[in-house]
Amino acid sequence: MIAADMHVDVVVVGAGFAGLACARVLAERGHSVVVLERKSAPGIGMHTTGILVREAADITALPDTLVRRITGVRLYSPSMRSLRIDSDSYFFLATDTPAMMAHFTQSAVDAGVEVRFDTPYVHADYRDERYAIAGTGLSCRWLVGADGPRSKVAADLSLGQNREYLLGVEAEFENVAMADDQAFHCFLGKTFAPGYLGWVIPGVGITQIGLATRMPAKPDIDRFVAHVAPLFDMSQAGVTARRGGLIPVGGVVSPFTRDRAILLGDAAGTVSPLSAGGIHTALHYGELLANLIVDHDCNAGPDPAAVLAEVYPRFRLKHILRWTLENAAPDLALDLMIGNPLFRALANTVFFKTKRLPGE
């Protein structure tokens, strides 16, 4: 039996978007909560582009110094024909991702959350309706696994695990000049990005160049950079950082819960199979789960797991569109479609349609 000296209401594993959003709201509503994070500091080794859709931006309060507002998208076919689409009512935010995570961490700490870095999750024993967390001296009534696409919590507790992934890689450059610096540049085609796309993003003080492929295909970032370089002025450019990671695209895992342990964010698979966007869902369901736990504990509210089972996204249409992206759109067809009015309409819907989630 694991010894536990400190008892709290909730232990959250993972100091990412979902875990910090959940922890902050729990603390704001009076629950005691500890976040365990295996990394040594916030924002280290991030595996995300850090792009916020408008809906995610609406539920955050980020300083202007951490974001760059973008309202346009330029799509490129495999032969480099391009289509620019814009929105007067929709926007994205490019972010200084490490600084943003430090901001989210500080917001959680200010609310009363204890965040323990350099503390990996190893194992938990469930007994008498409490979890004892090995190596931490902690026990808790609720355990939240928000520890990424290959969740240690999920593996330890025999919960559902992600099986389908994109593999994304990205390099950050300084001193890249581009004529169109008010748009995300997205590159379609199976040569470089089978199953997804490549991108060039005018970020906060840097330019992000990356691509993702459907595994088992592996992205070749250096070849892709050479491919897109003629479109931009990279004569003075230099790489400042590289990162890569898995993006789950198989949908919500099953089961995502047992005995008051609940998976959240990438661990739960709440990432869009089509866009591979997961920050909006991470923030939304993180805050929702926190409110459900407090309402259940203090106000005899419904079982949080039962509510999430109803509102976690099914992604039915997006699974169909992902299959189409992977199997029914050869490079020649993309070249022909790029100027088609129907393609423009579809692109506007994918990028600029308001993204409502179940439970909102």
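The preceding data block contains the structure.
Read on for an overview of the structure. These numbers were taken from a predicted model, which means no experiment stands behind them. (Residues numbered from 1 in each chain as written. Predicted model: local features only at pLDDT ≥ 70, side-chain atom pairs only at ≥ 80, totals over all residues. Heavy atoms only, no water.)

**Comments concerning the sheet that holds strand E7 (residues 92–95)**
Spelled out, the test is: One requirement defines pairing of two strands: DSSP has to find at least two bridges between them. Helix and strand labels come from DSSP, where a helix needs a run of H or I of at least four residues and a strand needs a run of E of at least two; each type is numbered from the N terminus.
The strand order E3-E7-E4 describes an open sheet built from 3 strands, whose pairing is antiparallel. Where the open sheet ends on each side, the last strands, each with one partner, are strand E3 (52–53) and strand E4 (67–70). The sheet contact formed by E3 and E7 spans 2 bridges and is antiparallel. Within E7, the residue paired with Val53 across the bridge is Phe92.

**Re the side chain of Arg214**
This is how the line gets drawn: Contact definition: two residues touch when any of their heavy atoms are within 4.5 Å.
Inspection of the secondary structure assignment puts Arg214 in strand E15 (residues 207–214). Those residues in contact with Arg214, other than ones at most four positions away along the chain, are Glu164, Tyr165, Leu166, Pro194, Gly195, Val249, Arg322 and Glu326.

**Structural notes on the side chain of Thr119**
Rule in force here: Relative accessible area decides the class of each residue, using a 1.4 Å probe on protein chains only: under 20% of the type maximum gives buried, over 50% gives exposed, and in between gives partly exposed. A 3.5 Å cut-off defines polar contacts: any pair of N or O atoms within that distance qualifies, except that in protein one atom must be a possible hydrogen donor and the other a possible acceptor, and neighbouring residues in sequence count only when both atoms are side-chain atoms.
Positionally, Thr119 belongs in the loop between strand E8 (114–116) and strand E9 (124–127). Thr119 sits in the buried class, given a relative accessible area of 14%. In terms of polar contacts, Thr119 uses its side chain to reach the backbone carbonyl oxygen of Phe117, at 3.0 Å. Residues contacting Thr119, with those up to four places away along its chain left out, are Leu36, Glu37, Arg38 and Thr136.

**With respect to the pattern of salt bridges**
Stated precisely, the cut-off is as follows: By definition, a salt bridge exists where a carboxyl oxygen of Asp or Glu is found within 4 Å of a side-chain nitrogen of Lys or Arg.
For the structure shown, the criterion picks out 17 salt bridges. We note a salt bridge from Arg29 to Asp295, for which the minimum N-O separation is 2.8 Å. Taken as a pair, Arg29 in the loop between helix H1 (17–28) and strand E2 (33–36) and Asp295 in helix H6 (residues 279–299) lie far apart in primary sequence, 266 residues in all. Of the residues examined, Asp295 reaches a relative accessible area of 26% and is grouped as partly exposed. Taking the shortest distance from any N to any O, the salt bridge between Asp222 and Arg242 comes out at 3.1 Å. One end of the pair, Asp222, is in helix H5 (residues 221–228); the other, Arg242, is in strand E16 (residues 238–248), with 20 residues separating them in the sequence. According to the relative accessible area criterion, Asp222 is partly exposed, its value standing at 48%.

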